[in-house]
Amino acid sequence: MSGADWLERWRQGRIGFHRQAPHPALEGFWDRLGVRAGAKVLVPLCGKSQDMHWLVEHGNPVLGIELSPLAIEQFIAEEPCLAGKRRAALRYRQSGFECTRLGRVELWCGDFFHFQVEQAAELAAFYDRAALIALPPATRQRYAHHLGQLLLPGTRGLLVTLTHDDPDRGPPFSVTHAEVETLMAPNFELVLCDVATAADGLAESVWQLTRRGPARSRDEHP
Ligand SMILES: C[S@@+](CC[C@H](N)C(=O)[O-])C[C@H]1O[C@@H](n2cnc3c(N)ncnc32)[C@H](O)[C@@H]1O
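Residues numbered from 1 in each chain as written. Predicted model: local features only at pLDDT ≥ 70, side-chain atom pairs only at ≥ 80, totals over all residues. Heavy atoms only, no water.

Caption draft 1: Here's a closer look at the site of the ligand. Around the ligand sit 16 residues in total, of which Trp10, Leu45, Glu66, Phe112 and Arg129 are the nearest. Leu45 places a polar main-chain atom, nitrogen or oxygen, 2.9 Å from a nitrogen atom of the ligand. A distance of 2.7 Å separates a nitrogen atom of the ligand from a polar backbone atom of Arg129. With the chains in place, 95% of the 590 Å² that the ligand exposes on its own is no longer accessible. For the shell around the ligand, the class distribution of residues is 10 nonpolar, 3 polar and 3 charged. (Near = heavy atom within 4 Å. Polar contact = N/O pair within 3.5 Å; in protein donor to acceptor, adjacent residues only side chain to side chain. Areas by Shrake-Rupley, 256 points an atom, 1.4 Å probe, with all protein chains shown as cover. Nonpolar A, V, L, I, M, F, W, Y, C, P; charged D, E, K, R; others polar.)

Caption draft 2: The arrangement of the UniProt feature "binding site: S-adenosyl-L-methionine" (unreviewed entry) in the protein chain in detail. In the numbering adopted here, UniProt assigns the feature "binding site: S-adenosyl-L-methionine" (unreviewed entry) to Trp10, Leu45, Glu66 and Arg129. Tracing the backbone shows Trp10 in helix α1 (residues 3–12). Beyond its immediate stretch of four places on either side in the chain, Glu66 contacts Trp10, Leu45, Cys46, Gly47, Ala71, Ile72, Trp108, Cys109 and Gly110. From its side chain, Glu66 meets the backbone nitrogen of Gly47 in a polar contact 2.7 Å long. (UniProt positions renumbered as here; feature names shortened; annotations may be inferred. Helix = DSSP H or I, 4+ residues; strand = E, 2+ residues; numbered from the N terminus. Contact = heavy atoms within 4.5 Å.)

Caption draft 3: Representation of unusual backbone geometry in the model. Here the residue pair Gly170 and Pro171 is connected by a cis peptide bond, since its omega of 0 degrees sits within 30 degrees of zero. As for its position among the elements, Pro171 is in the loop between β7 (156–163) and α6 (177–184). Cis geometry is adopted by the peptide bond preceding Pro172, which originates at Pro171 and carries an omega value of 0 degrees. When you line up the elements, Pro172 lands in the loop between β7 and α6. Of note in the backbone geometry, Leu45 takes a positive phi value of approximately 50 degrees without being a glycine.

Caption draft 4: Geometry of the packing of aromatic side chains. Under the definition given, this model contains 9 aromatic pairs. Taking 6.1 Å as the distance between ring centres and 85 degrees as the angle between the ring planes, the aromatic pair formed by Phe97 and Phe115 counts as edge-to-face. Residue Phe97 is located in strand β4 (residues 97–102), and its partner Phe115 is located in the loop between β5 (105–109) and β6 (123–129); the two are separated by 18 residues in the primary sequence. There is no split in this pair, since Phe97 and Phe115 are both buried. (Phe/Tyr/Trp six-rings, centres within 6.5 Å; stacked < 30°, edge-to-face > 60°. Buried < 20%, exposed > 50% of the residue type's maximum accessible area, 1.4 Å probe, protein only.)

Caption draft 5: Region of the structure containing the sheet that holds β7. Overall, mixed pairing links the 9 strands, which are arranged β3-β4-β5-β2-β1-β6-β7-β9-β8 in an open sheet. In this open sheet, the two edge strands, each paired with only one partner strand, are β3 (90–94) and β8 (188–197). Ignoring strand direction, the axes of neighbouring strands in this sheet form an average angle of 20 degrees. Here β8 pairs with strand β9 (residues 203–211) via 9 bridges, running antiparallel. Looking at the pairing, Leu190 lines up with Leu209 of β9. Sitting on the sheet, helix α4 (residues 69–77) is in contact with β2 (62–66), β3, β4 and β5, with an inclination near 160 degrees to β5. (Pairing = 2+ DSSP bridges. Axes fitted to C-alpha atoms, helices over the stretch in contact; angles between N-to-C directions.)

Caption draft 6: Molecular detail of α1. Within α1, burial applies to Trp6, Arg9 and Trp10. The buried residues of α1 all sit within an arc of 95 degrees when viewed along its axis, so they share a single face. Seen from the buried face of α1, the exposed residues on the opposite side, beyond 90 degrees, are Ala4 and Arg11. The inward-facing, buried residues of α1 abut β2 and α4. Immediately beyond the C-terminal end of α1, within one or two residues, lies Gly13, with a positive phi of roughly 75 degrees. (Arc of directions from axis to C-beta.)

Encoded structure:
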């Protein structure tokens, strides 16, 4: 599925992946990561996920990256009102991305693969739900490598993956545990936290990942 296909999907409202409520993996496993309060969380391929509100309410600002401007506009329009009031979104342009700040959520509109390490300053954690599994096999390899290059050693995150019975069908693509390990193990230590199987044969897995390598500061990042 190409970028143009995703834009078209958003245009047609074919967004069955979107959840109205935060994903249970956050409630169940985020605190285990030990991410300090105030640390910024990278959310690649973020859509208009409600998980970003959960992270902010949990004390962590968010930097989400999303290809579709419609997704970002819908996230803003659907923000829960505070005391009946909508907050103003601040717009700016940075490094080729159209950016929007809404409270403690920054949304960068553009291609995740164009997001560079120099722009990744201050990222202290990440959260991937339906990002890796949104991508076809060759792009998954590229995604895993790119994520590894963006994050400093010691950076932790949650990864939520899915398996189903047809390896050729997707998105969401079925990504086996063996594939997650092959893709991620070169750059991350992995712990499988949970596997939840649904009646339709879908199984959702939650992984804790820690970027490998000796602790370094952002200035020493390659
Ligand atoms: C399956 S959806 C998941 C969205 C979100 N993580 C969630 O849980 O609802 C995948 C999203 O990735 C976006 N996307 C696909 N390729 C992308 C890319 N190269 N860069 C940024 N976003 C991309 C799509 O527009 C779509 O919103």
